[in-house]
Amino acid sequence: MPGVTPTTTVRSPLRLCGRSGELAILDQLSERLRDGHGSALVISAPPGLGRSGLLRHAMVAHGELPLLHTRAVAARGLLPYSGLHALLCSAPGSLPRGAAHVTRAELTPIALLDLLRALGSRRPLLVCVDDAQAWDPDSRVALGFAARRLEPADHVAVLVTLADFSHSSGSPYGPGAQAPFGDLPQLRLGPLDTTAATELCARLTGQEADPVVREALCREAAGNPRLLTALAEQVTPDQLAGRTPLPHPLPGGEALLDAYAARTEALPAETRLLLLLAAAAHEHEPDGAGADAAVLTSAARLAGIDPDRLRAAERADVVRSDGTRVRFTHPLLRTAILRRSPAARLRAAHHLLAATLDAPHQELPHLVQRALAASVADPLLADALAAVAVEPRPYADRAVALARAADLTTDVTLRDVRFAASAEQAWHGGDPGRARALLTRVRAVPAPGRVHYVRGLLALRDGPVADARESLLTAAALLTGQDTERAADALLGAAEAAWAMGDAAGWVDALRRASAVSKVPSHGGEEGSAAGRTGPGDGPAAPKAVLGPYVEGMLAVFGGRMFQGRVLLRDCIEGALRAGDPAAVMRAGVAALVIGDVEGACRSGGRALAAVRAHGPEVQLPQALEYLAYGELRVGRHALARAHAEEGLRAAARLGQRNIATHLHAVLALTASVEGDGAICAGHAQRAAAGAGSHGLTQAATLATWAVARAELARGLPAEAAARLFPLVRRGPRRGHFAARMLAVPCLVEAAVLAGRTDEALDAVEEFTRWAADTADPLAPAQLARCRALVAPPESAADRYMEALAQHERAGGDFERARTLLLYGHWLRRRRRTREARGPLRDALVAFERCGAQAWWQRAAGELRAAGEAVADGRGNGLLDRLTPQQRRIARHVAEGATNREVALRLSVSTRTVDHHLRNVFSQLGVRSRTELARILEGSGRSR
């Protein structure tokens, strides 16, 4: 038996991705041991999920220990461990013995317990046992006995790992492998989530790796870090960079897959055949759906096997069945069975399944199984598969059928078209990763138009929109005359990309081309033929009856022909609502926003969302939620906009649509700027700005900047808000989005006037006047009157404010009305008409409270206090209660770092007035510096 192993030079292990929770548990165990409290923990997981890595972390994270390869030896001895002893044992082998020279025969459970207590009495002892399931039964029993009976006062912690596939007591090493540890605390490892797997893959492959290749590696590894590492090691540099195709299946991880396949070796031969059939049946099902239990039963009987033989696999926890579907307990079990089966045996299984799937409604899975059984290309079978990949079949089924058809196609061009068609269906089915992987299998140079079309769709939702526009323009050029609907849709996508970029000229050009192309008849060809298409209605093209008014109306509006444009776009809205096509209805929502029909935008957004939820495609869900949220923002339903934007953000994350997520972060920043949470607003705005910068999303950047400025206005920081907004409105390289910047003008005018920059805002008011005359937005007249009131001379300002309030009564919208009341009350107070000011300020306070606009409520409350009226908010401020409302306002601005001059500008008072009040503040609070004042106010803020 090995003795004590000397220490050697070591390196700390790589940081474990996606295991922060597990690492925290181990760190807590170690800290408790340092404090003299022992414990026990069993870490169990299937092979490759990082059990040994966690064990190494426990050994070295808190001390200068060698990193020991735990599988290279039978046992390790005592090692210095930052004030602890560490005992590391690894299978296969037997338990170590200590200085008392206990023989193997003498190492009974009681003897092991006594030995560990004796060692722990010297100083705290950490016992790490790796792969305990491979130990002999007596050793496992002894270790489990000792771990259960050790007391915290024994100063011994026992950390055991088990290779175990199941959550139950089953084990690949027999039913008793886990039993000795069953009542000890358990930590069960699951596969890495998508974020952690992506992070690990990036570390393994480096910066030069093609994102599509990384995605393929992560998909194949199914969250197993050891398999991901093995797969990455087998990829060549050219494959990693995307210059040459990845092999299928991916090589690597054979030893790990052998460990999974070994899980089934002890099962009866007939059970193993049923498992092969179940694994093969998964091939025609969507991911995670499992195999149809009825199909497996029929296949078993056709093969002369009792279907109940599958119960042995259920008892071994290899599969689970609910009577309808049969699913493997871990996806790598299925992968291992398929990869480890001889090719002839696997083809026979597919033949058997194809023979079983003989009902009319099983035509598609029947053909897929025939394709999997084929050993050579079969053009007739390929044509049959392409012919059945039509509606109403689910997108995932169509994608599978078209991919198999492509594999069997001999004509290179048609093969590539079918891979592109399969990628398109995968995209519509909400699986962009599979869509990208399918596109990598296209070999023709130049690629067919449909390939560029799908690449453009992918980039439009999750890439630089300039790249998306170029891909879609290329697709339109190649598809015109062959596939007119897709050519027109590609141009509409290019227009959408130009819109997101803020490229008005590019947007107009793409729309004009879409209008022209939609009138060109298709003459067929390989890209438009039945073999290349997946059936009528499989693409996202809009009905021509709706497309014409939309394009012509938008061009008229942005060409200055407002009346004609509004008539056409209203026709477009009504036609789209009647047609019910989600993409057309969403375009109708955009049209409604453009002409200012905000209620129509909400109606269109709600109808599009309902259509997508009822009929799909799911890929349109995030954008439907985005467009609905835009309409709700414009009409003033901020809480609803936030709820829909949050749902859209979750959907965008699930479907891999970072560009939509960026737009939704901008929406959420805007809702937060109303509701008054500055930190939330800033967080969403930062994420929107980050996504907008990397993908060229000018619209999102404009909205995010406006949101931050509006939040600054709520906090009484007009100078900062004006500094943000002036570049958005003025001409220059930082000018905002052509369709969004006018929405920010009312905030700009307010900020500029309050910051003492009234003259600079006059041009913006003039431009807003022209815009308000052309829009149907019911709030525009009220906002314009408010802007005119802000810049008006004193003798006419009151009339302008009254005009604005009258317009608000007709338009509705509590938030904007409350802002007008607030500014009117502020104007009256500055004119020392404090008694008159209290009425509009009280109304503003109530309206902001109704809107849930907390920061705006605080601003209105401050104004009302400054007008001499107490405002009870139920929160005591301690020392600050000694100050007058005006003194509190000055004190808060000074505590935020503002100079006396800046405070004077913000509050529209003289610098001398600020000096006077500040001296009184210092005297009342007993402070001598601005630093002390800031400290007092910070404490007051925490006490709330």
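Rules and cut-offs
- Residues numbered from 1 in each chain as written.
- Predicted model: local features only at pLDDT ≥ 70, side-chain atom pairs only at ≥ 80, totals over all residues.
- Heavy atoms only, no water.
- Helix = DSSP H or I, 4+ residues; strand = E, 2+ residues; numbered from the N terminus.
- Buried < 20%, exposed > 50% of the residue type's maximum accessible area, 1.4 Å probe, protein only.
- Contact = heavy atoms within 4.5 Å.
- Areas by Shrake-Rupley, 256 points an atom, 1.4 Å probe, with all protein chains shown as cover.
- Phe/Tyr/Trp six-rings, centres within 6.5 Å; stacked < 30°, edge-to-face > 60°.
- Pairing = 2+ DSSP bridges.
- Axes fitted to C-alpha atoms, helices over the stretch in contact; angles between N-to-C directions.
- Core = buried A, V, L, I, M, F, W, Y, C linked by side-chain atoms within 4.5 Å.
- Right-handed = clockwise from strand over helix to strand, strands pointing away.
- Polar contact = N/O pair within 3.5 Å; in protein donor to acceptor, adjacent residues only side chain to side chain.
- Expected span 1.5 Å × (residues − 1).
- pLDDT = per-residue confidence, 0-100.
- Parallel < 35°, antiparallel > 145°, perpendicular 65-115°, else oblique.
- Left-handed = near helix turned anticlockwise from the far one by under 90°.
- Salt bridge = Lys/Arg side-chain N within 4 Å of Asp/Glu carboxyl O.
- Nonpolar A, V, L, I, M, F, W, Y, C, P; charged D, E, K, R; others polar.

Novice: Let's hear about the overall build of the chain: which residues, and what values?
Specialist: Summing up its helical and strand segments, the chain has 44 helices and nine strands in all. Within the span of the chain, comprising 944 residues, buried residues form 56% of the whole. Long-range contacts, defined here as pairs at least 24 residues apart, represent 66% of the contacts in the chain between residues at least 6 apart. Element-wise, carbon and sulfur atoms account for 53% of the exposed surface of the chain, whose accessible area totals about 39000 Å².

Novice: A description of the packing of aromatic side chains should follow, citing residues and the corresponding values.
Specialist: Overall, the coordinates contain 14 aromatic pairs when judged by the stated rule. Here W499 and W507 contribute two aromatic rings whose centre-to-centre distance is 5.1 Å and whose plane-to-plane angle is 70°, an arrangement assigned as edge-to-face. Taking the relative accessible area as the measure of exposure, W499 reaches 14% and is therefore buried. Assessed through its relative accessible area of 3%, W507 is described here as buried. Among the aromatic residues, ring-to-ring pairing joins W499, W507, F558 and F738 into one connected group.

Novice: Lay out the sheet that holds strand β8 (residues 319–321) in plain terms, naming residues and giving numbers.
Specialist: Within a sheet, adjacent strands bond to each other through the backbone by hydrogen bonds, running parallel or antiparallel. If you trace the three strands from one edge of the open sheet to the other, you get β7-β9-β8, paired in antiparallel fashion. Either end of the sheet is taken by a strand with one partner, and the two such strands are β7 (291–292) and β8. Helix-sheet contacts for helix α10 (residues 269–281) involve β7, β8 and β9 (325–328), and the interaxial angle to β9 is about 95°.

Novice: Run through helix α13 (residues 331–340), naming residues and quoting values.
Specialist: Helical periodicity: at 3.6 residues per turn, an α-helix aligns residues three or four positions apart in one direction. Burial analysis of α13 places seven of its ten residues in the buried class, the great majority of the element. Among the residues of α13, L332, L333, R334, T335, A336, I337 and L338 are the ones counted as buried. Of the surrounding elements, those touching the buried residues of α13 are α6 (211–221), α7 (225–234), α9 (254–261), α10, β9 and α14 (343–356).

Novice: Just give me the short version of the nonpolar core, but keep the residues and values in it.
Specialist: Among the nonpolar cores identified, the biggest contains 166 residues, and L511, Y550, M554 and F848 are the most heavily contacted of them. When residues of this core are assigned to their parent elements, the largest contribution, twelve residues, is made by helix α22 (residues 484–501). With residues near it in sequence (within four places) discarded, L511 still touches L492, A495, Y550, V551, M554 and L555. If you look at the next biggest cluster of nonpolar residues, it comprises 55 residues, including V213, A261, A300 and L352.

Novice: Any details on the pairing of strand β4 (residues 125–130)? Residues and values, ideally.
Specialist: Of all six residues in β4, six are buried, a share of seventy percent or more. Across the two faces of β4 the burial is the same, with L125, V127 and V129 and L126, C128 and D130 all buried. With respect to chirality, the unit in which β4 leads through helix α4 (residues 137–149) into the neighbouring parallel strand β5 (residues 156–163) is right-handed.

Novice: Provide a residue-level description of the pairing of β5, including the pertinent values.
Specialist: In terms of burial, β5 is a largely internal element, eight of the eight residues being buried. In β5, alternate side chains face the same way, and those of V156, V158, V160 and L162 on one face and A157, L159, T161 and A163 on the other are all buried. As paired strands, strand β1 (residues 39–45) and β5 are joined by seven bridges and run parallel to one another. Directly across from S39, in β5, lies its bridge partner A157. Sheet topology note: the β4/β5 ladder contains five bridges and is parallel. Residue pairing in the sheet places V129 in a bridge with V160 of β5.

Novice: Explain the side chain of T409 to me, using residue names and the numbers behind them.
Specialist: Residue position: T409 is located in the loop between α17 (395–407) and α18 (412–428). By relative accessible area, which is 9% here, T409 ends up buried. Reaching out from T409, the side chain makes a polar contact with the side chain of R418 at a distance of 2.8 Å. Excluding anything up to four places from it in sequence, T409 contacts A382, L414, R415 and R418.

Novice: Which residues make up α14, and what values go with them?
Specialist: End to end, α14 covers 20 Å across 14 residues, agreeing with the expected 20 Å (1.5 Å per residue, within 8%). Along its buried surface, α14 packs onto α10, α11 (293–302), α13 and α15 (363–373).

Novice: Residue-level account of the environment of T329, with values.
Specialist: Locating T329 in the fold gives a position in the loop between β9 and α13. Linking T329 and V319, residues ten residues apart in sequence, is a C-alpha distance of 5.2 Å. Not counting chain neighbours up to four residues away, the residues in contact with T329 comprise D317, V318, V319 and R320. Engagement of the side chain of T329 in a polar contact is seen with the backbone oxygen of D317, the distance being 2.9 Å.

Novice: Just give me the short version of the confidence of the model for the chain, but keep the residues and values in it.
Specialist: Averaged over the chain, the pLDDT score is 83; the fraction of residues at 70 or greater is 87%. Mean pLDDT values for the elements of the chain range from 36 in strand β2 (residues 75–81) up to 95 in helix α21 (residues 465–479). Confidence drops under a pLDDT of 50 for residues 62–86, and excluding neighbours within four residues, the segment shows 97 contacts in the predicted structure. This model gives residues 167–176 a pLDDT under 50, and the stretch forms 19 contacts once residues within four places in sequence are excluded.

Novice: Give a detailed account of the packing of helix α20 (residues 449–462) against α22, specifying residues and quantitative values.
Specialist: Put simply, α20 and α22 touch, their axes get as near as 10 Å, and they point 30° apart. If you check the angle between α20 and α22, you find them roughly parallel. By crossing handedness, the relation of α20 to α22 is classed as left-handed. The residues of α22 that touch α20, namely those facing R450, Y453, L460 and R461, are R486, D489, A490, G493, E496 and A497.

Novice: Explain the pattern of salt bridges residue by residue, including any values.
Specialist: Evaluated as defined, the whole model comprises 54 salt bridges. When the shortest N-O distance is used, the salt bridge between D509 and R513 registers 3.6 Å. With D509 and R513 both in helix α23 (residues 504–517) and four residues apart, the pair spans about one turn of that helix. The exposure class of D509 is partly exposed, given its relative accessible area of 39%. Put simply, R889 and E863 hold a salt bridge, and the shortest N to O gap is 3.1 Å. Of this pair, R889 sits in helix α41 (residues 885–895) while E863 is found in helix α40 (residues 854–866), placing the two residues 26 residues apart along the sequence. For E863, a relative accessible area of 3% gives the class buried. Through salt bridges with shared partners, a single network forms among E283, R334, R404, D407 and R441.

Novice: Lay out the packing of α10 against α13 with the relevant residues and their values.
Specialist: At a minimum axis distance of 9 Å, the contact between α10 and α13 shows a crossing angle of 105°. In terms of orientation, α10 lies roughly perpendicular with respect to α13. Within the contact between the two elements, α10 uses L275, L276, A279 and A280 and α13 uses R334, I337 and L338. Tallied by class, residues from the contact of α10 with α13 come to six nonpolar, no polar and one charged.

Novice: Explain unusual backbone geometry to me, using residue names and the numbers behind them.
Specialist: Residue P617 is reached from G616 by a cis peptide bond, and omega for that bond is 0°. Summarising the element assignment, P617 is placed in the loop between α27 (598–615) and α28 (621–635). Notably, H155 is not glycine yet its phi reads approximately 60°, a positive angle. As for its position among the elements, H155 is in the loop between α4 and β5. Of the residues examined, H155 reaches a relative accessible area of 29% and is grouped as partly exposed.

Novice: Which residues make up the side chain of H282, and what values go with them?
Specialist: Among the structural elements, H282 can be located in the loop between α10 and β7. Using a relative accessible area of 12% as the deciding quantity, one classes H282 as buried. Among the polar contacts listed, one links the side chain of H282 to the backbone oxygen of A278, at a separation of 2.7 Å. Sequence-distant contacts of H282, defined by excluding residues within four places in its chain, comprise G290, A291, V326, R327, F328 and R334.

Novice: Which residues make up the environment of C787, and what values do they have?
Specialist: Along the polypeptide, C787 turns up in helix α36 (residues 780–791). Sequence separation between C787 and A804 is 17 residues; the distance between their C-alpha atoms is 9.0 Å. Aside from chain neighbours lying at most four places away, what touches C787 is P746, V749 and V765.

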